[in-house]
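Residues per chain, in single letters:
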Amino acid sequence: MRNKMWRVVDLLDWTTRYFEQHGIRNPRLDAEVLLAHLLEKSRLQLYLHFEMPVFQEHLTPYRELIKKRIEHTPVSYLTNRKEFMSLDFYVDERVLIPRPETEQLVETILREKTGNSERLLELGTGSGVIATSLAVHQPEWEIIATDISEPALAVAQKNAETHVHTAQIKFLTGDLFEPIKAINPAGNIRFDWIVCNPPYVKKTEWDTLSPDVRDYEPEIALFAGDDGLAVIRRLIAEAPKYLAPNGKLIFEIGETQADTVRSLIDAEPAYCTYKLLKDYAEKERILLASTR
Ligand SMILES: C[S@@+](CC[C@H](N)C(=O)[O-])C[C@H]1O[C@@H](n2cnc3c(N)ncnc32)[C@H](O)[C@@H]1O
């Protein structure tokens, strides 16, 4: 990459080939996103400036990004950005990179909501994308967002400050419902919604994950015991104690967990109705249950 006049188009072509040789799954896209990030342009602007020369001041940091990418550092950790519900969020290694399929959780809540001023609890907020995008769409809602990881909550707080009035979301640290118990020992606070994108990968599946995920994303955000259901089981059992009458529990599940989750819900008399919603690939990925 030294001693040569590089144009945007040459750099993209070279990087795409280099990424291909190193088994990077979306070589062209990743090359474009990384170069656009460094040049502070959109991908469209890159195309409009294909012939533009790229100078050493940018080539040196670009080389660093390429090096990290072939070591499988996820692109979002290199750019510190991820879009979710058309909003721009900050991310780094302290949090799971939000997945597009999780937008369906937010869309379902916005579609099924009944009132304008509801009270919502998000458990395991990570980067805060679910709580924050709901707060953007529903500024009247009272939202509490929790996570067991304090470093993750720092990221969530930063994202909330970017997009909403910070008083709208209260962030609490702790294991699942513990922080709610702590602020509400008498059990008077009840929620209309409890939402969660829990960790649900089996510990035994560790070596089947791609290195981008396995070696970089927080373990606590991914794994939930030997069968992947450790958090989901507790969620189903404990949520009714914190839901208002006709309250809703909604959470994401793994591709193969629908049948087990069905039997767990069937065995819990506090829920009167429930449905499993399919994603765009026709897989059941969201559980929505109502209490009496
Ligand atoms: C799959 S990530 C979801 C993050 C974010 N809500 C999203 O959808 O992108 C799961 C999150 O739950 C948190 N977590 C894991 N176990 C937890 C527990 N027992 N109590 C509270 N949070 C937990 C992790 O720290 C992580 O941030």
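Calculation criteria
Residues numbered from 1 in each chain as written. Predicted model: local features only at pLDDT ≥ 70, side-chain atom pairs only at ≥ 80, totals over all residues. Heavy atoms only, no water. Helix = DSSP H or I, 4+ residues; strand = E, 2+ residues; numbered from the N terminus. Buried < 20%, exposed > 50% of the residue type's maximum accessible area, 1.4 Å probe, protein only. Contact = heavy atoms within 4.5 Å. Areas by Shrake-Rupley, 256 points an atom, 1.4 Å probe, with all protein chains shown as cover. Lys, Arg positive; Asp, Glu negative; His and termini not counted. Charge placed at Lys NZ, Arg CZ, Asp CG, Glu CD. Near = heavy atom within 4 Å. Polar contact = N/O pair within 3.5 Å; in protein donor to acceptor, adjacent residues only side chain to side chain. Phe/Tyr/Trp six-rings, centres within 6.5 Å; stacked < 30°, edge-to-face > 60°. Lys NZ or Arg CZ within 6 Å of the ring centre and 35° of its normal. Axes fitted to C-alpha atoms, helices over the stretch in contact; angles between N-to-C directions. Left-handed = near helix turned anticlockwise from the far one by under 90°. Pairing = 2+ DSSP bridges. Domains from an automatic or database assignment. Core = buried A, V, L, I, M, F, W, Y, C linked by side-chain atoms within 4.5 Å.

Caption draft 1: Highlighting the overall build of the protein. Along the protein, the regular secondary structure elements total 13 helices and 11 strands. Principal axes of the C-alpha set define a box for the protein whose edges measure 70 × 40 × 30 Å. Of all 292 residues assigned to the protein, the portion counted as buried reaches 50%. The long-range fraction of contacts in the protein, counting pairs at least 24 apart against all pairs at least 6 apart in sequence, stands at 65%. Accessible surface, the protein as shown: approximately 14300 Å² in total, 49% of it carbon and sulfur. For the protein, the distance from the average position of its 36 positive side-chain charges to the average position of its 45 negative side-chain charges is 1 Å.

Caption draft 2: Up close: the site of the ligand. Around the ligand sit 20 residues in total, of which Gly124, Asp147, Asp175, Leu176 and Asn197 are the nearest. Residue glutamate 122 places a side-chain N or O atom 3.2 Å away from a nitrogen atom belonging to the ligand. Take aspartate 175: an N or O atom from its side chain is 2.8 Å from a nitrogen atom of the ligand.

Caption draft 3: Up close: the packing of aromatic side chains. The full count for this structure, using the stated rule, is 5 aromatic pairs. Measuring from centroid to centroid gives 6.2 Å for tryptophan 6 and tryptophan 14, while their planes differ by 75°, and the two rings are edge-to-face. Look at phenylalanine 84 and phenylalanine 89: their rings are 6.4 Å apart centre to centre, the planes differ by 75°, and that puts the pair in the edge-to-face class. Grouping residues by exposure puts phenylalanine 84 and phenylalanine 89 together as buried. Above the face of the tryptophan 6 ring, lysine 4 is positioned so that its terminal group lies 4.3 Å from the ring centre. Positioned over the ring face of tryptophan 206 is arginine 214, at 4.8 Å from the centre of the ring.

Caption draft 4: Representation of the packing of helix H6 (residues 103–112) against helix H7 (residues 129–137) in the model. Between H6 and H7, the shortest axis-to-axis distance is 10 Å and the interhelical angle comes to 35°. Handedness of the crossing formed by H6 with H7: right-handed. Residue-level inspection shows Leu105, Val106, Ile109 and Leu110 of H6 in contact with H7, the latter providing Ile130, Ser133, Leu134 and His137.

Caption draft 5: Looking closely at the pairing of strand E11 (residues 284–291). With 7 of 8 residues buried, E11 is to be regarded as a mostly interior element. The sheet contact formed by strand E10 (residues 271–278) and E11 spans 7 bridges and is antiparallel. Opposite tyrosine 271, over in E11, you have threonine 291 as the bridge partner. Remark: 5 residues form the turn of the hairpin made by E10 and E11, two consecutive strands paired antiparallel; glutamate 282 in that turn has positive phi of roughly 65°.

Caption draft 6: Summary view of the side chain of threonine 108. Along the chain, threonine 108 falls in helix H6. In contact with threonine 108, other than residues within four places in its own chain, are Ile250, Leu277, Ile286 and Leu288.

Caption draft 7: Broad picture of the domain arrangement of the protein. Considered domain by domain, the protein is made up of domain 1 (6–71) and domain 2 (82–291). Between the C-alpha centres of domain 1 and domain 2 the distance comes to 35 Å.

Caption draft 8: Seen up close, the nonpolar core. Counting residues in each nonpolar core, the largest one holds 30 residues, and the members touching the most others are Phe177, Ile194, Phe251 and Val261. Secondary-structure elements contributing two or more residues to this core are strand E5 (119–123), strand E8 (191–196), helix H12 (230–238), strand E9 (243–252), helix H13 (258–266), E10 and E11. In terms of residue count, H12 provides more of this core than any other element does, 4 residues in total. Leave out the neighbours within four places in its chain, and valine 261 touches Leu229, Ile232, Ile236, Phe251, Ile253 and Leu287. Of all hydrophobic cores here, the second largest spans 29 residues; its members include Phe89, Leu110, Ile130 and Trp141.

Caption draft 9: Up close: the sheet that holds strand E7 (residues 169–173). Spatial ordering of the open sheet is given by E7-E6-E5-E8-E9-E11-E10, a layout of 7 strands whose pairing is mixed. What marks the edges here is a single partner per strand, and that holds for E7 and E10. Sheet twist, expressed as the mean angle between neighbouring strand axes with direction ignored, is 15°. The strands touched by H12 within the sheet are E5, E8, E9 and E10, with E9 carrying the most contacts at an inclination of about 170°.

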